[in-house]
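Here's the letter readout for the chains.
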Amino acid sequence: MEHKVNGKSKLSVENYSLFYGKFQALRDITIDLPANKITSIIGPSGCGKSTFLRSFNRMNDLIPSVNTKGKIEMDEESIYEVDVVELRKRVGMVFQRPNPFPKSIFENIAFGPRAHGIRDKQILNEIVEKSLRQAVLWDEVKDSINKSGLALSGGQQQRLCIARALAVEPEVILMDEPASALDPVATLKIEDLIQQLKEKYTIVIVTHNMQQAARASDFTLFFNMAEDRAGYLVESGNTIDIFTNPKEELTEQYISGRFG
Amino acid sequence: MAVPRSYREGSLALGTTKWQTISGVVLPSATPGIVTGIVLSIGRIVAETAIFWVTLGGSYRLPKDIMSSGRTMALHVYSLASETRAFDKALGTSAILIIIIVILNLAINISSRQFAKKFSGK
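A short tour of the structure in this document, coming up. None of these values were measured; they are calculated from a predicted model.

## Notes on the overall build of chain A
- Along the backbone of chain A there are 10 helices and 10 strands.
- Relative to the globule expectation of 18 Å for 260 residues, the C-alpha radius of gyration of chain A, 18 Å, shows essentially globular dimensions.
- With the principal axes as the frame, chain A shows a C-alpha extent of 55 × 40 × 35 Å.
- For chain A, the residues scored as buried account for 49% of the 260 residues in total.

## Brief notes about the interface of chain A and chain B
- Listed per partner, the contact involves 23 residues of chain A and 18 residues of chain B.
- The set of elements that each furnish at least two residues to the side of chain A that touches chain B consists of α2 (84-90), β6 (91-94) and α3 (105-115) of chain A.
- Looking at the side of chain A that touches chain B residue by residue, the classes come out as 11 nonpolar, six polar and six charged.

## Describing the packing of α3 of chain A against helix α4 (residues 121-134) of chain A
Residue and element names in this part refer to chain A.
- It is the contact of α3 with α4, at a shortest axis distance of 9 Å, that shows an interaxial angle of 115°. Along this stretch, α3 crosses α4, giving a crossing that reads as right-handed. Where α3 approaches α4, its residues F106, I109, A110, P113 and R114 are matched on the opposing element by L124, I127, V128, S131 and L132.
- Of the residues contributing to the contact of α3 with α4, the split by class is eight nonpolar, one polar and one charged.

## Some points on the pairing of strand β8 (residues 202-206) of chain A
Residues and elements named next belong to chain A.
- With respect to burial, β8 is a largely interior element, five of its five residues being buried.
- With burial as the criterion, each face of β8 is covered, one bearing T202, V204 and V206 and the other bearing I203 and I205.
- Sheet topology places strand β3 (residues 38-42) next to β8; four bridges connect them, and they run parallel. Within β8, the position partnered with I38 by the bridge is I203.
- Bridging between strand β7 (residues 172-176) and β8 involves five bridges; their strand directions are parallel. Within β8, the position partnered with V172 by the bridge is T202.

## Concerning unusual backbone geometry
Residue and element names in this part refer to chain A.
- For N15, which is not glycine, the phi dihedral falls at a positive 45°.
- Given 11 C-beta atoms within a 10 Å radius, N15 is considered exposed.
- A positive phi is found at R58, a non-glycine position, where the angle reads about 55°.
- Mapped onto the fold, R58 is located in the loop between α1 (49-55) and β4 (66-74).
- Accessibility expressed as a C-beta count within 10 Å gives 19 for R58, which makes it partly exposed.

## Quick word on the nonpolar core
Residues and elements named next belong to chain A.
- Grouped together as the largest cluster of nonpolar side chains are 74 residues, with contacts concentrated most on A163, I173, L174, I203 and V204.
- For this core, the leading source of residues is helix α6 (residues 154-166), giving six residues.
- Apart from the residues within four sequence positions on either side, V204 is in contact with L33, T39, I41, L53, F56, V172 and L174.

## Some thoughts on helix α7 (residues 184-197) of chain A
Residues and elements named next belong to chain A.
- Here α7 is 14 residues long and its end C-alpha atoms lie 20 Å apart, about the 20 Å a rise of 1.5 Å per residue gives.
- Buried within α7 we find I190, E191, I194 and L197. Take α7 and look down its axis: the buried residues cluster within an arc of 120°, on one side only. Away from its buried face by more than 90 degrees, α7 exposes V185, D192 and Q196.
- Residues of α7 that are buried in the fold lie against β3, α6, β7, β8 and α8 (210-216).

Thresholds applied
- Residues numbered from 1 in each chain as written.
- Chains lettered and ligands numbered in written order.
- Predicted model: local features only at pLDDT ≥ 70, side-chain atom pairs only at ≥ 80, totals over all residues.
- Helix = DSSP H or I, 4+ residues; strand = E, 2+ residues; numbered from the N terminus.
- Rg over C-alpha atoms; globule rule 2.2 N^0.38 Å.
- Buried ≥ 20, exposed ≤ 12 C-beta atoms within 10 Å, placed from the backbone.
- Contact = placed C-beta atoms within 7 Å.
- Nonpolar A, V, L, I, M, F, W, Y, C, P; charged D, E, K, R; others polar.
- Axes fitted to C-alpha atoms, helices over the stretch in contact; angles between N-to-C directions.
- Left-handed = near helix turned anticlockwise from the far one by under 90°.
- Pairing = 2+ DSSP bridges.
- Core = buried A, V, L, I, M, F, W, Y, C linked by C-beta atoms within 7 Å.
- Expected span 1.5 Å × (residues − 1).
- Arc of directions from axis to C-beta.

By themselves, these are just geometric observations and shouldn't be taken as functional.
Here it is in structure tokens:
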């Protein structure tokens, strides 16, 4: 199967496998992800979507038993050859459950830039305002910027986490089911926001929600779980093709809700 | 009161080093628990009884500095009441002991309420 992308690719994965100890969680994945597009990863529970997503910022390195094989490159440079701290600066992440730090809204966003050496209060103020505006949260919180981030609603907290990721000016943003813990209104807000962000960032989003993938992404990867529970890539392509004219029968079955 | 893994991951995902994560996120969020632990153990030591009969030695001399041996107040009360006839001094010590415990408990209450306020954001 051909996995090439029209236009520029940002991330490219070649024969990538991942093991938790002896258990193989991902098998032989080869795919290019397009730059400045939204790529969604869909598939049944346990098929390794999140594990795959967490490979791009080497979050899996935090788990001692993890071993990988194969290559992942960003801008044609292996992600295992750059410093992991530097890599995570360039590849931001938003988690499934909103996880603001127990600090004020301002401190939540200023934490990243400050860790990267920005001390000037004026510049920090500008970064905080810009990030909150980008995350469409500024108007709601501008008068309570010193209140705890935990005092916000779930949807607001998730937008705060997006603002926090934006504040370090990444190139890629990984989102692990960013709306699964939110109500429908907050979900739509996050989806709108993602659309606005793709102009500047390459976005990869894992989702359980098929409508969300169909609505909100340009490119779709469909993962499935093999007999031995290892995740593999079944099909990839433009979202519209995957949802209207899938090549594989398994994809067709999954998107029409017959399994998964 | 463990620090949630999500704080650590959230911080590392921003491209911070391990130390920046510990000093900037992990320690600050663990502080309320650490402070409460310290205050509670002070309260426990001040009021501790029989164990200290053995472990503290029950020094009769007044402590000269922070490193010299001493005795807990509860032990002092016990010694005075059981081995001497200075009941007035035993009662006085008991009163001071009770006052210290009350103050410590008030301090815990106030500080934990303040931390709760700070972290819940209300």
